[in-house]
Amino acid sequence: MKKYGFFFRAGAVCLALGVMLTGTSGCGKSAKHEEDIPELIESTVTNEDSRPVVRGNIGKLTFIMTRAVPRGYSQCFDVGRTVQKVFVKVGQYVEKGDKIAQADTADLDNQIESIKKSREGLDKQIESAESEYSRTIDGLIYDRDALRAKGDNEGADELDKTILMTKENHEYQREQLSQQKDAYDRDIADIEKQKDELTLYATHSGYITYLMNVGYYNYRQAYENVAYISDYDDIYLEAAAMNIKTFSKYRKSPRIYAVVEGKEYAVTEDAYSTAATLYAANEGKFPMARFKLEGYTPSIGETVPVYAYENYYENVLMVGNDSIRYDGAKKYVFVEGSTGGMEKREIETGVSDDVHTEVVSGLSEGDKVFYLSDSIKPIDYEEISIEPTDFSAYNISDIYQYITTDVKNYSSPESGRIYEILAEDNAEVKEGDPLFSVKVEISDARLLEAEQSYRYAKEQYENTINGLYKEIERIDGEIEKLDNAEPPAATDTDAIRDNQAMRERLIFSREQTLRAIEDTKDSYSSSIGEVEKNYLYLKKLKDNDGIVTVYSNDDGILHYRGYQYPGVDVQKGLVIASIDCGEKDYIVVSSVKGKNAGEWCDVAPGTRIIFRGEKNYTGECLAVLGTDVYQTSKHILEELDGKIFIAANGSSPYGNIESGYFVKMDDESFKEETEHFHVAYEAIGLKKAVVIPVSCIYPEKNDVGRVVRYFVWLKEDGQLTKRYVDYFPSFVTGDQALIPNGLSFGDVIVKDRKAGGR
């Protein structure tokens, strides 16, 4: 004899539903003999239906629809950052340690640039000091050697002391400058380390299945993903609508299993660590429950039904709850007598679920027990035998577009206000086209300060250079005097020697002054450049009423970022517009819910996609946009290097599509198609499942007219009896309904030819 299936009530949540009734267990007793029960003369049953007492399983069952997904890893900052650049593309495979993205480093870059300029100035100072030292030492040595040549050893010895002291002073100065240079290098290294912390490196190898659109909005809050990496070699089952808090009652489940192609497979929870679970509880944000199958590896996107029992009692004698009557504390049923009619039997019961109750005593297997029913049996009907059937439900979208992921951003060059929008949103622009202008307030005081800095530096330079050139003129004059003076007598060797020494000393001084001129010019060129550039830039802005225009450096499609209104205040570096450059590489499909597939089933990366038309095309879901329910309706609980956090994928629309997914086509010739296609993916796909016509399903309502359960008419032993089944309007395609529980292969149900079921 067949065992009855089990019913669980359909509630507000369509995927994780179960029987929520408790029962008390009891020990088995032998059934009472029929002659011990007095015959009931008058029936109280509205509609006389009966079903046999059978042995079966009683349990508090919950049905969980799951989907196979790749394990993912969040790539995010632990503080809010403005992302300046991403180094990866949607669908790209990355290795652990690869650079993913870099936050805006403008402030740090400015600090490094400032320190580098100071360091360059220090290098010039060191070079100048070395040059001055060299000139000084050469001069002292020259003078000392001249004194020695004249026989003035005492004067030469004094110059030796001066030379020694000059060397010692120079070594001290050199050490000080070297330490200052090392300090600059340490500062730069420290800031570079800070910059490195602003760079995201892949924490795991895998595919980029979510990537923020920096051309749309480049700020990320703490733990808001810049990217998401999926490992296609590590697949698990994710509950569609049951989080780990709700699932906690089933962790010690007496029975939990999955059904794939009509076969049962053991299921274990793919649990988070205790610390992570406690963290989620403290935050009040619970991720979806995860499972692992034993003996079966699902493919990505595959749906797998999981059955979990809170309580489970196997092979017990049971009767339908709708057969039990009450007389005070006593329970009884009406049994079909051996010669017809009804007999009242008192029974003892044990555990219960929402459909059946264990019979401890009072009945025997095979007894036919009447049940209360207001439902009218079909008279003219068609018999349908339950056979293994494949069930598929698709989500279908009619909105899609080809896009490029090569996006270039254009920021405000200064803090100010949007002055004018010079190109239309979504327009095609060419390199050199004006995009927008910003009006900057340049005060007279700011311009005057820049001008004074520039003029002071220039004046100091000119004074120094003029002084050095005058020194050259003076030296040249002294040399000319020596050359034009009457030479000493040939016998006056001391005078000849003095004149020669003086001339050599003047030539030496002239060479040193020329080197000083070159050093001054080099120093000026490196220091005056930025001062002059700043002044001339501000002057140009002032002369142009503070208006600075930004031009395109690329060809592509222009998109404004929501700041495209004249008069709106903007900060320097704020992205105002972006341009989609290069060839279109991916299709973005709008995520439109399929009414038959249910709101829960959004596409998972790795799912196969079909473009239906006169000719069908196929592709693969590479990634999702952050607004897709698959990514944003759940909390992403992460454990990384001992750190626990909850991440999320922020909004990242592309083109005109706010919520959807990327598709990489198998056949790139699809780009040339002009036909409009229906884009579909399998939201539910089960093989060898129990599938019946929707018209065979009937609702049962309570006193206030609310549907509390569904049933079918089962034909067994030539009679029609009620059989409660699990039916969810979400699991319907056309006239075919998936029945997760309540019927078995080989059962025969009937379809009323005159009236539909539900």
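Residues numbered from 1 in each chain as written. Predicted model: local features only at pLDDT ≥ 70, side-chain atom pairs only at ≥ 80, totals over all residues. Heavy atoms only, no water.

**Some thoughts on the side chain of Ser50**
Selection rule: Helix numbers and strand numbers start at the N terminus; a helix is a DSSP run of H or I with at least 4 residues, a strand a run of E with at least 2. We call two residues in contact when some of their heavy atoms are within 4.5 Å.
Relative to the assigned elements, Ser50 resides in strand 3 (residues 49-52). Residues within four places of Ser50 in sequence aside, it is in contact with Glu336, Lys368, Val369, Phe370, Tyr371, Gln719 and Thr721.

**Side note on the sheet that holds strand 36 (residues 636-640)**
Heads up, the condition is: Strands are treated as partners if at least two bridges between them are detected by DSSP. In this analysis, axes come from line fits to C-alpha atoms, helices being fitted only over the stretch in contact, and the angle between any two N-to-C directions falls in the range 0 to 180 degrees.
The three strands lie next to each other as 11-37-36, forming an open sheet whose pairing is mixed. Each end of this open sheet is capped by a strand with a single partner; those strands are strand 11 (224-225) and strand 36. Direction of pairing for strand 36 relative to strand 37 (residues 643-649): antiparallel, over a ladder of five bridges. In the strand pairing of strand 37, Glu638 is matched with Phe645. Against the sheet, helix 4 (residues 274-283) contacts strand 36 and strand 37, and its axis sits at roughly 55° relative to strand 37.

**Here we look at the confidence of the model for the protein chain**
Under the convention used in this document: Predictor confidence is given residue by residue as pLDDT, running from a minimum of 0 to a maximum of 100.
Confidence in the prediction of the protein chain, expressed as mean pLDDT, is 83, and 89% of residues score 70 or more. Confidence, read as mean pLDDT per element, is least for strand 1 (residues 17-18) in the protein chain (33) and greatest for strand 6 (residues 93-94) (97). Below a pLDDT of 50 lies the segment residues 1-46, which in the model reaches 139 contacts outside its immediate sequence neighbourhood of four places, other chains included. Overall, residues 628-632 carries pLDDT values under 50, and its contacts beyond four positions in sequence, including any with other chains, amount to 21 contacts.

**Things to note about the sheet that holds strand 34 (residues 608-612)**
Taken together, seven strands build an open sheet; the order of strands is 23-39-34-35-38-33-24 and the sheet is antiparallel. Of all strands in the sheet, those bounded by a partner on one side alone are strand 23 (389-397) and strand 24 (400-403). This sheet shows a mean twist of 40° between the axes of neighbouring strands, independent of strand direction. By the bridge criterion, five bridges tie strand 35 (residues 617-624) to strand 38 (residues 660-665) in an arrangement that is antiparallel. Bridge pairing links Glu620 to Lys664 in strand 38.

**Thoughts on a nonpolar patch on the surface**
Applied cut-off: Each patch is built from salt-bridge-free residues with over 30% relative accessible area, joining like charges within 9 Å and nonpolar side chains (Val, Leu, Ile, Met, Phe, Trp, Tyr) within 5 Å. To measure how exposed things are, a 1.4 Å probe is used in the Shrake-Rupley method; for residues, cover is taken only from the protein chains shown. Here, a salt bridge means any Lys or Arg side-chain nitrogen found within 4 Å of an Asp or Glu carboxyl oxygen. Per-residue accessibility, obtained with a 1.4 Å probe over protein chains only, is compared with the maximum for each type, and a residue is labelled buried under 20%, exposed over 50%, and partly exposed between these values.
The grouping of Tyr216, Tyr217 and Tyr219 at the surface amounts to a nonpolar patch, some 280 Å² of accessible area in total. You can see Tyr217 is positioned in the loop between strand 9 (206-211) and strand 10 (219-220). For Tyr217, a relative accessible area of 37% gives the class partly exposed.

**Some remarks on the pairing of strand 39 (residues 678-689)**
Along any regular strand, the residues point their side chains to alternate faces of the sheet. The pairing of strand 23 with strand 39 spans eight bridges and is classified as antiparallel. Pairing of Ile396 across the sheet is with Ala680, part of strand 39. As judged from the three bridges shared by strand 34 and strand 39, these two strands associate in the antiparallel manner. Bridge pairing links Arg612 to His678 in strand 39.

**Looking at the packing of helix 1 (residues 106-150) against helix 2 (residues 153-197)**
The test is simple: Orientation categories follow fixed angle ranges, with anything under 35 degrees roughly parallel, anything over 145 roughly antiparallel, 65 to 115 roughly perpendicular, and all other angles oblique. Amino acids are sorted into nonpolar (Ala, Val, Leu, Ile, Met, Phe, Trp, Tyr, Cys and Pro), charged (Asp, Glu, Lys and Arg) and polar (every other residue, Gly among them).
Their axes nearest at 10 Å, the elements helix 1 and helix 2 cross at an angle of 170°. On the basis of the axis angle, helix 1 is roughly antiparallel to helix 2. Broken down by class, the residue content of the contact of helix 1 with helix 2 amounts to 18 nonpolar, twelve polar and 17 charged.

**Details of helix 2**
To keep it simple, the criterion reads: By definition here, a helix of n residues has an expected span of 1.5 Å times n minus one.
Over its 45 residues, helix 2 extends 65 Å from the first C-alpha to the last, a length consistent with the 66 Å expected when each residue adds 1.5 Å. Turning to helix 2, its buried residues are Gly155, Ala156, Leu159, Ile163, Thr166, His170, Leu177, Tyr184, Ile188, Ile191 and Lys195. Of the surrounding elements, those touching the buried residues of helix 2 are strand 7 (99-103), helix 1 and strand 8 (199-201).

**Some words on the nonpolar core**
Condition: The term nonpolar core refers to a set of buried residues drawn from Ala, Val, Leu, Ile, Met, Phe, Trp, Tyr and Cys, joined through side-chain atoms within 4.5 Å.
Membership of the largest hydrophobic core comes to 42 residues, with the highest contact counts inside it found for Ile100, Ile208 and Phe662. Elements with a minimum of two residues in this core: strand 7, helix 1, helix 2, strand 9, strand 12 (227-243), strand 33 (586-590), strand 35 and strand 37. Leaving out residues up to four positions away in the same chain, Ile100 has contacts with Gln75, Val86, Phe87, Val88, Val94, Leu200, Tyr201, Ala202, Ile208, Ala227 and Ile229. Core analysis: the next-biggest nonpolar cluster, separate from the first, contains 32 residues, Ala423, Tyr454, Ile576 and Ile579 among them.

**Brief notes about helix 5 (residues 444-484)**
Because an α-helix completes one turn every 3.6 residues, residues spaced three or four positions apart along the sequence face the same direction. Taking 1.5 Å of rise per residue, the 41 residues of helix 5 would be expected to cover 60 Å, and the 58 Å separating its terminal C-alpha atoms lies within 8% of that figure. Of the residues making up helix 5, those classed as buried are Leu447, Ala450, Tyr454, Tyr461, Ile465, Leu468, Ile472, Ile475 and Ile479.

**Thoughts on the side chain of Thr303**
Filter applied, for reference: Any N or O atom pair separated by 3.5 Å or less is treated as a polar contact, with the protein-specific requirement of one donor-capable and one acceptor-capable atom, and with residues adjacent in sequence counted only for side-chain atom pairs.
With respect to the helices, strands and loops of the structure, Thr303 is situated in strand 16 (residues 303-320). Thr303 sits in the buried class, given a relative accessible area of 3%. A distance of 2.9 Å separates a polar side-chain atom of Thr303 from the backbone nitrogen of Gly685.

**Notes on the environment of Gln92**
Tracing the chain through its elements places Gln92 in the loop between strand 5 (81-86) and strand 6. With relative accessibility at 29%, the residue Gln92 sits in the partly exposed group. Along the primary structure Gln92 and Ile229 are separated by 137 residues, whereas in three dimensions their C-alpha atoms are 9.5 Å apart. Here Lys89 takes part through its backbone nitrogen, which lies 2.9 Å from a polar atom of the side chain of Gln92.

**Section: the packing of aromatic side chains**
Given two aromatic rings, one states the distance between the centres and the angle between the planes to describe the pair. As a reminder, the rule being used: Stacked, tilted and edge-to-face are the three classes applied to pairs of Phe, Tyr and Trp rings, where Trp contributes its six-membered ring and a pair requires centres within 6.5 Å; stacked means planes under 30 degrees apart, edge-to-face means over 60, and tilted covers the rest.
Under the criterion given, the structure shown has 27 aromatic pairs. Relative to Phe291, the ring of Phe247 has its centre 5.0 Å away and its plane inclined at 80°; by these criteria the two rings are edge-to-face. Here the residue Phe247 occupies a position in helix 3 (residues 244-247), and Phe291 occupies one in strand 15 (residues 288-293), the gap between them amounting to 44 residues. Put simply, the rings of Tyr400, Tyr402, Phe611, Tyr617, Phe670 and Phe677 pair up and form one aromatic cluster.

**Some points on unusual backbone geometry**
Peptide bonds are mostly trans, and most non-glycine residues show a negative phi. Here Asp641, not a glycine, exhibits a phi torsion of approximately 50°, which is positive. Along the chain, Asp641 turns up in the loop between strand 36 and strand 37. On the basis of relative accessibility, which here comes to 78%, the residue Asp641 falls in the exposed class. Its identity as a non-glycine residue notwithstanding, Asp717 has a phi of 55°, on the positive side. Among the structural elements, Asp717 can be located in the loop between strand 42 (707-716) and strand 43 (719-725). Of the residues examined, Asp717 reaches a relative accessible area of 62% and is grouped as exposed.

**Description of the pattern of salt bridges**
Within the structure shown, the criterion is met by 36 salt bridges. Its salt-bridge partner being Asp109, residue Lys195 comes within 2.9 Å of it at the nearest N-O pair. One end of the pair, Lys195, is in helix 2; the other, Asp109, is in helix 1, with 86 residues separating them in the sequence. Here Asp109 falls in the partly exposed class, since its relative accessible area comes to 28%.

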